[in-house]
Structure formats: structure tokens, C-alpha cells
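# Coordinates in review
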Amino acid sequence: MTDRQRRFREKYVSEISPWYSGLLHVGVMYAAGISAIVWCVSRMQGATWEWLLILPVAIAGNFVEWGMHKFVMHRLVDVFALRAIYDRHTRQHHQYFTDGDPTIGTVKEFRIVLFPWRVLMVLAVAGGGLGWLTAQFLGPNAGYVVFITMISHYMVYETFHFCCHVPENSIVRQLPLVNTIRRHHAAHHNMGIMMHVNMNLTFPVADWAMKTSDLKRGLLGHLFNGYDESHLKDELKPVMARFRSAETQEKRVTLDGPKLEADELRALQQAGSHA
Ligand SMILES: [Zn+2]
Ligand SMILES: [Zn+2]
């Protein structure tokens, strides 16, 4: 861990309220999400084809996740709630974790990993609205499936992202898809490429489709890549290596991301021009 990162961590942890409970934070999130899903399933009657809606809704959700991360969490939009999301992600989460040290060691640090509860509430309202709208056209079962998919997506997001930031262990290393996102997201935390590359946090589908991945390989290869680094895009390697050094971080990384030079921006552009 570099000094820069250590200083940020010490300050951040010292400012966490003594009332904060990491277990309560994660417990309420799962309890609320699972209860909402169970309630929906209990209301459904004789659903058949409606379950197929999971696929298009989940794929659309994957692109929304990518877009939110790229254009809200990493671009300062100076409007009340959007600014808060940017602050929490770029100015805090990304200072706390780098690809040099992307892990937590205590339950108290859950605070820097998980979204606040209000995000789940906003999603429940949005999911409720979209579910209601779907129900008007395709019937109530279809509406419930849309809502269930959106809430499930959120919980997969939180679970996968959490797995990205826990210390290395045999479960996260061996579990397919989880090991993929763990490497994918650790690379995203590299301070040189964090504003541009690896924006998915569940399955790297949109990153593959939009060419914002650090890997050069097909969709299936992307999904089941695991920890493999042999497909890394060559253009990105020197930029990533440079921003791992303490000296570059001290000189050229701000709370709003790296100050990139022309050759580095060109490398990122080139990396983005092929999948
Ligand atoms: Zn992260
Ligand atoms: Zn990010």
C-alpha cells in the first residue's frame, strides 16, 4: 500500500461514526431485498413465459449498471444526489482502494464497500414503477418478474462488489464469475485507468460490448476469465504499471482521478478501439 492510500484510509476510518455497524448495514440490505422478492413470488399466480423476461431485463440492467458507473459515479454531475454519488465513489471509494491493495480487513470497513440503504429504496421505487407499467401491458406476473429481476440485480451487485474487496481466499478465487469480477474490478481500481476501464460490477457484458474492458477476448472468455491476465490489452500495461508507483500517485493523482498525459490518453483511446 502506498503512503497516499494509507493516509486516506486512516482519515476515513477515524471519521466513521461509532454508531455504525457493518453487520447491521449488510443485514438490513439482504433482509429487505429478500423479503421483497419473497413477497413478489407469493403474489404471482401460474406464471410461465413471464419468467423469460428475466433475460432482457437483466441484460438491460447490465448496461444501466455500466452507464451509471461510467457517467455518474465517475463524472461529476453537479446536481444534489448525483454529486453525492460521485463523491462517495470517485473521491472516497477509489482513494480507499487501489489495485495495489483492494481489500478490507475489518467489519467497520463495510461502510466504504456497500451502498447506503437509500440506494435500495430508490431502486425499489424505480422497480415498482417499471413493474407496474409492465403489468399494465403484459399482466401482473410480468410486472413482478421485472421487479424481482431488478432487486436481484442489485443484490448480485452488492454481493459481487463485496467479494471484490474481501481478502483473498479460496472461495473468491475458485468460484466462477466471482473470480472474474474480482480481477476485473481490482484492475478498475488502478489509478491510471479508473475513470475509463472495467465499468461492470456484476458480469462484464457491457464492458465487452462497449469495448471498455482491459481484456482482448470474446464474450464467453470475458465471463469466465477468472484471474487470468494473459489477455490484458498491451496498450494499458505501461499506464497501469506507472500508476501503481507511489511516486506517480503522489504527483499525479487527485481526489478526482489521475492527471493523464497525452500518451496515456492515447493508449486508453487505442485500448477502447478494439474488443
Ligand atoms: Zn470497488
Ligand atoms: Zn469505479
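Structure first, text after, so check above.
Residues numbered from 1 in each chain as written. Chains lettered and ligands numbered in written order. Predicted model: local features only at pLDDT ≥ 70, side-chain atom pairs only at ≥ 80, totals over all residues.

### A look at the overall build of the protein chain
A tally of helices and strands in the protein chain yields 14 helices and two strands. Rg of the C-alpha trace for the protein chain: 19 Å, near the compact-globule value of 19 Å for 275 residues, within the 12% margin. Along the first, second and third principal axes, the C-alpha set of the protein chain runs to 60 × 45 × 40 Å. Counting the 275 residues in the protein chain, one finds 32% classified as buried. If you take every contact in the protein chain between residues at least 6 apart in sequence, the share linking residues at least 24 apart comes to 67%. (Helix = DSSP H or I, 4+ residues; strand = E, 2+ residues; numbered from the N terminus. Rg over C-alpha atoms; globule rule 2.2 N^0.38 Å. Buried ≥ 20, exposed ≤ 12 C-beta atoms within 10 Å, placed from the backbone. Contact = placed C-beta atoms within 7 Å.)

### A word on the packing of helix H2 (residues 22-43) against helix H7 (residues 140-165)
It is at 10 Å that the axes of H2 and H7 come closest, and there the two elements cross at 160 degrees. Classified by the angle between their axes, H2 and H7 sit roughly antiparallel to one another. Along this stretch, H2 crosses H7, giving a crossing that reads as left-handed. For the pair H2 and H7, the contacting residues are Met29, Tyr30, Gly33, Ala36, Ile37, Cys40 and Arg43 in the first and Tyr144, Phe147, Ile148, Ile151, Ser152, Tyr154, Met155 and Glu158 in the second. (Axes fitted to C-alpha atoms, helices over the stretch in contact; angles between N-to-C directions. Parallel < 35°, antiparallel > 145°, perpendicular 65-115°, else oblique. Left-handed = near helix turned anticlockwise from the far one by under 90°.)

### A closer look at helix H14 (residues 262-272)
For H14, the full list of buried residues reads Glu264, Ala267, Leu268 and Ala271. For H14, the arc enclosing every buried residue in end-on projection is 95 degrees, short of the 170-degree limit, so these residues lie on one face. The exposed residues of H14 that point more than 90 degrees off its buried face are Ala262, Asp263, Leu265 and Gln269. Turning to H14, the residues buried within the fold contact helix H12 (236-242). (Arc of directions from axis to C-beta.)

### Details of the nonpolar core
Counting residues in each nonpolar core, the largest one holds 15 residues, and the members touching the most others are Val145, Val146, Phe147, Ile148, Met150 and Ile151. When contributions to this core are tallied by element, the ones reaching two or more residues are H2 and H7. The element contributing the most residues to this core is H7, with nine residues. With residues near it in sequence (within four places) discarded, Ile148 still touches Ile37 and Cys40. (Core = buried A, V, L, I, M, F, W, Y, C linked by C-beta atoms within 7 Å.)

### Re unusual backbone geometry
Look at Leu177: it is not a glycine, yet its phi comes out positive at around 70 degrees. Topologically, Leu177 is positioned in the loop between helix H8 (170-174) and helix H9 (178-188). In the Ramachandran plot, Asn198 falls in the positive-phi region, its phi being about 60 degrees despite a non-glycine side chain. Positionally, Asn198 belongs in the loop between H9 and helix H10 (205-209).

### Considering helix H4 (residues 80-96)
Look at H4: 23 Å from first C-alpha to last across 17 residues, which is about the 24 Å you get at 1.5 Å a residue. All of the buried residues in H4 are Thr90, His94, Gln95 and Tyr96. Elements in contact with the buried residues of H4: helix H1 (3-14), helix H3 (54-73), helix H5 (110-113) and strand S2 (257-258). (Expected span 1.5 Å × (residues − 1).)

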